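Read off the chains here:
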Protein chains: 2
Amino acid sequence: MKRAKLVIGLLGIMLFLAACGNLNSSSMSSSGTNGSKGTQLTGQSTDSNYEGVIENGKYVTSKSRGVSNTQDAGNQLNLKSFEKGLLNVSQQEFSTNKYAFREGQILTKKVVSNWLARESKSNADGLNPKDNGSTSATKRNPIYLQQLEEQDYMIQKNNKLSLGGITIGLGINSVDYYKKTQYGATYETKISKAEAEKQGKAIANKVLMRLRQYDSLKNVPIVIALYRQASDDSLVGGNFFAYSVNKNGTTKVKSWEKLNQKSYVFPIADSQTSPNTNDTTSFDNFKNEVEDFFPNLSGVTAQAQYTNNQLDGMNVNITTQFYSQTEIISFTQFLQTAAQKYLPAKVPIDIQVSSTEGVQSFLSRSENGKKFTTHVFNSY
Amino acid sequence: MKRAKLVIGLLGIMLFLAACGNLNSSSMSSSGTNGSKGTQLTGQSTDSNYEGVIENGKYVTSKSRGVSNTQDAGNQLNLKSFEKGLLNVSQQEFSTNKYAFREGQILTKKVVSNWLARESKSNADGLNPKDNGSTSATKRNPIYLQQLEEQDYMIQKNNKLSLGGITIGLGINSVDYYKKTQYGATYETKISKAEAEKQGKAIANKVLMRLRQYDSLKNVPIVIALYRQASDDSLVGGNFFAYSVNKNGTTKVKSWEKLNQKSYVFPIADSQTSPNTNDTTSFDNFKNEVEDFFPNLSGVTAQAQYTNNQLDGMNVNITTQFYSQTEIISFTQFLQTAAQKYLPAKVPIDIQVSSTEGVQSFLSRSENGKKFTTHVFNSY
């Protein structure tokens with residue numbers, strides 16, 4: 001099947017991209033939509049996304065799908081930001097036009113479950129410390145490792161996809177929530193940044209050593225990234241704070257790259273320090289203007305992420321009670337102008353407008369875009 | 001303030017539009033974002049939308065905001081499709097580049113409430129028939145008029161906005177739901193198409209006569225559009241079936257334009273006839289391909305609207321249980337290819353992907369677009 005070489009970016013700009021180098025082969029379809037046998041790729045929606053791997057028309061889901069200490073409870077924002085952040089870290093080593101993405105196929109559900117648990121007589125593989133019996137917040141051994149994810153990066157060799165390397169994300173708690181009795185109250189053990197870094201790096205070394213035992217992982221680069229989980233009451237997820245690229249065969253992490261990332265919720269609470277007064281003023285002006293414009297507006301907030309104190313992007317959430325579709329249309333038009341006027345330039349920004357009925361409209365601007373594109377959700 | 005003359009359409013294509021003729025004036029700002037006094041417009045996101053009216057930085061909401069027999073209960077889909085449809089009908093008479101949109105400012109909450117009620121001793125203005133005392137589904141007088149909406153269309157004269165005409169939408173029930181006793185069971189009186197048309201046209205004549213009593217409405221065109229409400233269990237809203245353009249001063253509707261619109265839910269139920277076998281087959285193939293691709297996919301449905309048996313557009317809804325952001329990204333890429341391959345060409349199509357956590361991604365293609373644009377909702 002011929003590969004579509006035309007990729008239309010979301011943000012109103014047509015991007016003409018040469019089809020991706022090594023992945024472009026006549027023997028491999030870029031579309032999973034012909035129901036044919038064999039391995040295929042999902043196709044690429046933008047050049048900053050990996051193509052995904054399809055086998056016999058079905059998406060290849062992770063072998064350890066759904067296994068995490070956070071799956072049942074905890075802050076769901078950690079899940080999204082962890083996964084998306086891990087893709088971003090992976091791009092440092094595995095470029096999107098050379099590698100395809102496959103959900104982790106090496107570590108099984110059982111292996112990951114054992115690794116995420118405490119070390120114990122019945123589970124020698126536990127990467128979390130033994131239970132020392134204490135229930136005191138400061139004396140007990142907390143759960144450090146909250147989630148672990150494998151991402152596989154595939155390259156094409158002899159017209160087949162083969163493993164080109166993997167990335168492992170380790171989510172380390174900032175707070176470990178625990179109960180003294182079943183169904184009892186929840187207590188917290190706080191874990192400092194320094195402690196999380198120390199523990200995370202130690203766990204990374206164990207993980208690297210174990211991964212090299214797998215035949216398929218003996219001679220590929222293994223990227224390991226460390227993420228600090230946000231607390232359960234946070235309105236943003238956590239952040240990656242370090243990663244290492246471990247070349248073929250190495251069994252010990254030689255060096256770590258520091259990542260200086262931090263996420264904020266706007267408006268900034270009085271108790272918090274502002275990451276950048278220009279940005280916070282911009283947001284506050286936007287918020288005031290928008291709240292003035294419309295009755296029944298119940299909230300204007302944003303998530304903002306900074307790397308090395310530079311704004312990476314912003315997700316604005318506006319919730320309100322609407323009475324009519326015409327109000328939504330007019331409000332969205334108004335936002336298009338207000339957002340361009342007030343919100344920080346030269347970073348990607350999403351704005352989502354919701355009511356109790358769900359999402360009503362959204363606006364988006366890419367890093368280099370000027371105007372926001374808009375979409376109002378209609379119904380027949 | 002200088003008007004931005006560059007309008008970027010949602011769908012990946014840059015539209016260069018001349019700023020709208022009569023609305024383009026140095027005395028009127030197209031943006032409500034400077035907090036200044038006087039009348040402003042929201043700005044136009046696409047050329048098929050009206051600009052909205054802002055007064056002193058605040059959006060001018062309808063005088064009868066929130067008044068409807070359907071506000072508390074009933075099928076919410078009727079509200080969205082009624083309002084959006086009414087805008088479309090209005091474009092027949094009031095072009096989007098000559099007229100701005102203002103929410104209804106002439107009929108007050110009290111007037112609309114009285115008109116929507118039954119005629120009675122205490123309410124001579126009721127447009128619904130007197131209660132005849134019967135509770136029999138076939139013998140009682142049902143509520144015909146379920147909702148009424150005024151939309152004002154403004155033109156610029158002497159650097160001020162003035163009323164150029166109005167549109168009135170009348171929502172006529174297909175089923176009237178009623179109770180015999182308070183908190184009792186709900187019963188239904190069915191209203192045939194012929195009866196709804198007859199009653200709707202009679203009500204329209206009364207409304208036109210009454211509107212001409214308002215000084216501001218004596219000499220403007222008044223568009224009246226008739227909408228057949230969908231039943232409460234419908235998964236699509238109702239449809240407009242007729243409209244009339246009543247020139248300056250006329251107090252009786254001279255002629256009606258027929259609208260042959262119908263909405264469907266895909267997949268088509270076995271008991272229903274298909275509007276077009278090509279479209280239903282296309283959708284079924286898409287649905288099968290998509291359901292094959294991904295585990296835990298709980299539903300692929302669509303709303304489709306037809307005018308004169310031609311497909312106007314489609315809203316596809318896909319709901320599923322996702323475990324990870326990477327699955328959503330890959331699934332969205334896959335959909336981009338599958339939708340282009342299977343879904344009907346040359347009509348606007350929206351695809352929304354949701355989980356229990358809310359909307360996860362969406363895809364959209366304009367009437368003349370080829371590729372779908374995609375957006376995956378991220379979180380920091």
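Provided above is the structure to which this section pertains.
Residues numbered from 1 in each chain as written. Chains lettered and ligands numbered in written order. Predicted model: local features only at pLDDT ≥ 70, side-chain atom pairs only at ≥ 80, totals over all residues. Heavy atoms only, no water.

### Considering the pairing of strand β15 (residues 297-307) of chain B
Residues and elements named next belong to chain B.
Then, number 1: Of all eleven residues in β15, eight are buried, a share of seventy percent or more.
Then, number 2: Across six bridges, the pairing between strand β14 (residues 261-266) and β15 is antiparallel. Directly across from V265, in β15, lies its bridge partner Q303.
Then, number 3: The loop that links β15 with its antiparallel partner strand β16 (residues 310-320) comprises two residues; one of these, N308, has a positive phi angle of about 50°. (Buried < 20%, exposed > 50% of the residue type's maximum accessible area, 1.4 Å probe, protein only. Helix = DSSP H or I, 4+ residues; strand = E, 2+ residues; numbered from the N terminus. Pairing = 2+ DSSP bridges.)

### Thoughts on the packing of helix α4 (residues 277-293) of chain B against helix α5 (residues 325-342) of chain B
All names here are of chain B.
Then, number 1: For the pair α4 and α5, interaxial distance at closest approach is 10 Å and the crossing angle is 155°. Classified by the angle between their axes, α4 and α5 sit roughly antiparallel to one another. Judged by the sense of rotation from one axis to the other, the crossing of α4 with α5 is right-handed. Contact with α4, carried on its side by S282, N285, F286, E289, V290 and F293, involves F331, F334, L335, A338, A339 and Y342 of α5 and no other residues of that element.
Then, number 2: Of the residues contributing to the contact of α4 with α5, the split by class is nine nonpolar, two polar and one charged. (Axes fitted to C-alpha atoms, helices over the stretch in contact; angles between N-to-C directions. Parallel < 35°, antiparallel > 145°, perpendicular 65-115°, else oblique. Left-handed = near helix turned anticlockwise from the far one by under 90°. Contact = heavy atoms within 4.5 Å. Nonpolar A, V, L, I, M, F, W, Y, C, P; charged D, E, K, R; others polar.)

### Here's the deal with the interface of chain B and chain A
Then, number 1: Opposite the 84 residues of chain B that make contact, chain A presents 84 residues.
Then, number 2: Interface area for chain B against chain A, summed over the two sides, is near 7300 Å², with a carbon-plus-sulfur share of 55%.
Then, number 3: Among the salt bridges present, the one from R65 of chain B reaches E327 of chain A, with a minimum N-O distance of 2.6 Å.
Then, number 4: Applying the counting rule to chain B against chain A returns 38 residue pairs in polar contact (both at pLDDT 80 or more).
Then, number 5: Tallying contributions element by element places α5 of chain B first for the side of chain B that touches chain A, with twelve residues.
Then, number 6: Partitioned by chemical class, the residues of the side of chain B that touches chain A number 26 nonpolar, 43 polar and 15 charged. (Buried area = accessible area lost by both parts, 1.4 Å probe. Salt bridge = Lys/Arg side-chain N within 4 Å of Asp/Glu carboxyl O. Polar contact = N/O pair within 3.5 Å; in protein donor to acceptor, adjacent residues only side chain to side chain.)

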